[in-house]
Amino acid sequence: MSAPPKPTVSRGPAFSVVWIVPLVALAVGGWMILREFRHRGPEIAIEFADSSGIEPDKTTLEYKGVDVGTVQSVELNPDLGGVTVRVRLTRSAAPLAVEGSRFWIVHPEIGFSGIRGIDTLLTGARLNVRPGRGAPATHFRGLDKIPPAENVNEGRAFLLQGDKLGSLSPGAPVFYREMKVGVVETSRLADDAASVLIRIRIDTPYAALVRTDTRFWNTGGATFKLSLLGAELKSTSLESLFSGGVAFATPEGKDGLAPEAPDGAMFPLHNEADKDWLKWQPHIPITPPEEGAEPTPHANALAPVVQREPAGH
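Residues numbered from 1 in each chain as written. Predicted model: local features only at pLDDT ≥ 70, side-chain atom pairs only at ≥ 80, totals over all residues. Heavy atoms only, no water.

Undergrad: Even after reading the chapter, I still don't get the sheet that holds strand β1 (residues 40-48), so can you show me in this structure?
TA: Read from one edge of the open sheet, seven strands run β5-β8-β2-β3-β4-β1-β9, paired in mixed fashion. What marks the edges here is a single partner per strand, and that holds for β5 (102-106) and β9 (139-141). In this sheet, adjacent strand axes meet at a mean angle of 30° when their direction is disregarded. Both β1 and β9 contribute to a ladder of three bridges, which runs parallel. The residue of β9 that forms the bridge with alanine 45 is histidine 139. (Pairing = 2+ DSSP bridges. Helix = DSSP H or I, 4+ residues; strand = E, 2+ residues; numbered from the N terminus. Axes fitted to C-alpha atoms, helices over the stretch in contact; angles between N-to-C directions.)

Following this line, the structure appears as structure tokens:
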């Protein structure tokens, strides 16, 4: 009787196809984690008095319309005096984490130029930032409101001193002959708290309109007058109706125009215009905005301002 044939032993593949799916998932997950770390920037902490509308993992930080960070957490401060919002910046936004950067919460706001931040009604509040130029930093104190526009290298700034602020707010227009030629930048109480100081900035093309004898007055809100001839409702513009406004006029005396007012000159802010001021029609050369010419420096830029009465007033 012959011996039975020897069995043939075959080895299966050492790697089973059943492991392909989890390995691929692991590779994709590792790639996503690596990608996240490569695009991750520093984490910063911003203190706010209130964090209404801010949600972790949802609220974003924007700069020039681009998402540059996401809120990671919102915590109540130990002293209960505010909240700390922690934001993870993207790698490209790392230069924002420096001293001098200013952060604020964008909420819907009705102003003289319309409604700002209306998109937040649907998307929720968001954070915005204006970059600084200091040393690297990770802790900041947030602003309560949107800061005024920065244009310190343009035009010429002046201080107005009035009895009260009225309806004036940052961004309010400054008018000359009912044409907008500047904006209100900021305001504060005087050092002795007896008056209010308001800083305005006149655009470069119109800086020459402000002379040492220029008169400024408040045009905020609307003026309602009732007489035998009827009622009159008057407002300089829709802008000043919402956020207040300032107007000014410059006289031309017998000796011609007064010198141009230097940067930082202070003027009294009157509650209303004198009828004679509205009649002044001086011929003052200006640089049309479309030409884009730079203003000529003045030798009396640091000279003190002396208010002088125009001839015939």
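Undergrad: Sorry if this is basic, but what is going on with unusual backbone geometry here?
TA: Glycine aside, a negative phi is what most residues show, and trans is what most peptide bonds show. With a phi close to 65°, aspartate 57 is a non-glycine residue in the positive phi region. Tracing the chain through its elements places aspartate 57 in the loop between β1 and β2 (60-63). Notably, alanine 193 is not glycine yet its phi reads approximately 60°, a positive angle. Position of alanine 193 among the secondary structure elements: in the loop between β12 (179-189) and β13 (196-202). According to the relative accessible area criterion, alanine 193 is exposed, its value standing at 51%. (Buried < 20%, exposed > 50% of the residue type's maximum accessible area, 1.4 Å probe, protein only.)

Undergrad: Help me out: how do you make sense of the sheet that holds strand β18 (residues 266-270) in this one?
TA: Adjacent strands of a sheet form backbone hydrogen bonds with each other and so pair up, either parallel or antiparallel. Strand order in the closed barrel formed by seven strands is β10-β13-β12-β11-β17-β14-β18, with mixed pairing between adjacent strands. Going from strand to strand, the sheet's axes swing by 35° on average, the running direction of each strand aside.

Undergrad: So what exactly am I meant to see when it comes to the pattern of salt bridges here?
TA: Side chains that differ in charge, positive against negative, can pair when their charged atoms come close. Enumeration according to the criterion identifies nine salt bridges in this entry. In this structure, arginine 88 engages glutamate 43 in a salt bridge whose closest nitrogen and oxygen atoms are separated by 3.8 Å. Residue arginine 88 is found in strand β4 (residues 83-90), and its partner glutamate 43 is found in strand β1; the two are separated by 45 residues along the sequence. Accessibility expressed as a relative area gives 23% for arginine 88, which makes it partly exposed. Note on glutamate 43: relative accessible area 31%, which makes it partly exposed. With a closest N to O distance of 2.6 Å, glutamate 185 and arginine 199 form a salt bridge. Of this pair, glutamate 185 sits in strand β12 while arginine 199 sits in strand β13, placing them 14 residues apart in sequence. Under the relative-accessibility criterion, glutamate 185 is labelled buried at 3%. (Salt bridge = Lys/Arg side-chain N within 4 Å of Asp/Glu carboxyl O.)

Undergrad: Is there a simple way to think about the pairing of strand β3 (residues 66-76) in this case?
TA: Within a regular beta strand, the side chains point alternately toward one face of the sheet and then the other, so they alternate between its two faces. Relative to β3, β2 runs antiparallel, the two being bridged by four bridges. Bridging across to β3, tyrosine 63 finds its partner in valine 66. With antiparallel pairing between neighbouring strands as the criterion, β2 and β3 make up a hairpin whose turn holds two residues, including lysine 64 at a positive phi of roughly 55°. One ladder, built from seven bridges, connects β3 with β4; its direction is antiparallel. In the strand pairing of β4, valine 71 is matched with valine 87.

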